[in-house]
Amino acid sequence: MATMTQPSGDLKLGPDRDGRIGKPISLPVLENLGFDSQFGPFYMGFWNMAAYLFGLMAAFIWTMVMFAQVAWNPVAFVKYFVVLQVDPPPASYGLSFPPLEQGGWWLAATFFMTLAVLAWFMHVYTRARTLGIKPYLAYGFSGAVILYLVIYIIRPMWMGDWSEAPSHGVKALLDWTNNVSVRYGNFYYNPFHMLSIFFLLGSTVLLAMHAGTIWALEKYGAHEEWAELQAPGTGTERAQLLWRWCIGFNANAYSIHLWAFWFAWLCGVTGAIGIFISQPAFVDNWYRWGIEAGINFPDLPPAPLQ
């Protein structure tokens, strides 16, 4: 049986038994949401500080540009926040750096946002390594990182045009998602979009059912999941009976987490593939592709008028 070991390396343990450094804050309201009441202390470190710094710089650019769009009126800024946006350069600029007011601000914000995302990934990865655990949280986050990089960096650079990337803004991102689907013949026929939605809904269902099962068996200790992975107790045994008899899926305390992890990770990765190949170099019309692939009805001539 595996046993817990003390983290190795250069980890400096603090004064208390859990190795925490700093005084925590207690927020009892968190217990109503199923969390521990302790809030902090937090480890900052180089990568975490870099992520916050770059993220704040990106957010500052977005905020200032959108504030300028409403003539620095705070009431208008709040009122129209969801429709304000920072646009990428026009297609005529290609991959060159345009004037700030014609897409330069978007490039600057995207640059800092990308650094923030990558720095946060490194923070999660290095913290896991320092604590002596496998960096599966970083591996899971990599699915979202891949999707982000494809949408904002890789696909526009491959196509030689920054205008292929979304604008920064709430409604702008939703508009881009809709418009790129319509432009390339409807993503309903994009098989990687189908897979991405399957994994999105599948991971949601798996995690919701898992959470519901654990919550129902909390009084039997099923929520002590690390201990249950090592030596399944009454809670896990009852959970396995429920899933095997009522759902038909012989899940256990370990396998359910693997299924949820892969479903969630593949949601981002398959979505990234579907977005990347939606371009003239690969597939420029998913509706026509669906007809050729035999998953859509062929075009039929209109019926003659009676």
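The model shown is predicted, which means the values in this text are computed figures rather than measured ones.

**Q** Could you give me a rundown of the side chain of asparagine 296, with the residues and numbers involved?
**A** Of note, asparagine 296 is situated in the segment after helix 10 (286-293). Residue asparagine 296 is classed as buried on the basis of its relative accessible area, which comes to 15%. With residues near it in sequence (within four places) discarded, asparagine 296 still touches Tyr189, Tyr287, Gly290 and Ile291.

**Q** Hey, could you go over the side chain of asparagine 48 for me, with residue numbers and the actual values?
**A** Relative to the assigned elements, asparagine 48 resides in helix 1 (residues 45-69). Residue asparagine 48 is classed as buried on the basis of its relative accessible area of 4%. At 3.2 Å, the side chain of asparagine 48 forms a polar contact with the backbone oxygen of tyrosine 43. Not counting residues within four places of it along the chain, the set of residues in contact with asparagine 48 comprises Tyr43, Trp120 and His123.

**Q** Run through helix 4 (residues 136-159), naming residues and quoting values.
**A** Taking 1.5 Å as the rise per residue, helix 4 with 24 residues should run 34 Å; its terminal C-alpha atoms sit 33 Å apart, in good agreement. The largest bend in helix 4 amounts to roughly 50° and is located at valine 150. For helix 4, the set of buried residues is Ala138, Ser142, Gly143, Val145, Tyr148, Leu149, Val150, Ile151, Tyr152, Arg155 and Pro156. Next to the buried residues of helix 4 lie helix 3 (104-130), helix 5 (170-183) and helix 9 (255-276). At the exit of helix 4 stands glycine 160, carrying a positive phi of roughly 70°.

Each value, and the rule that gives it
- Residues numbered from 1 in each chain as written.
- Predicted model: local features only at pLDDT ≥ 70, side-chain atom pairs only at ≥ 80, totals over all residues.
- Heavy atoms only, no water.
- Helix = DSSP H or I, 4+ residues; strand = E, 2+ residues; numbered from the N terminus.
- Buried < 20%, exposed > 50% of the residue type's maximum accessible area, 1.4 Å probe, protein only.
- Contact = heavy atoms within 4.5 Å.
- Polar contact = N/O pair within 3.5 Å; in protein donor to acceptor, adjacent residues only side chain to side chain.
- Expected span 1.5 Å × (residues − 1).
- Bend = angle between axes of the 7 residues up to and from the residue.

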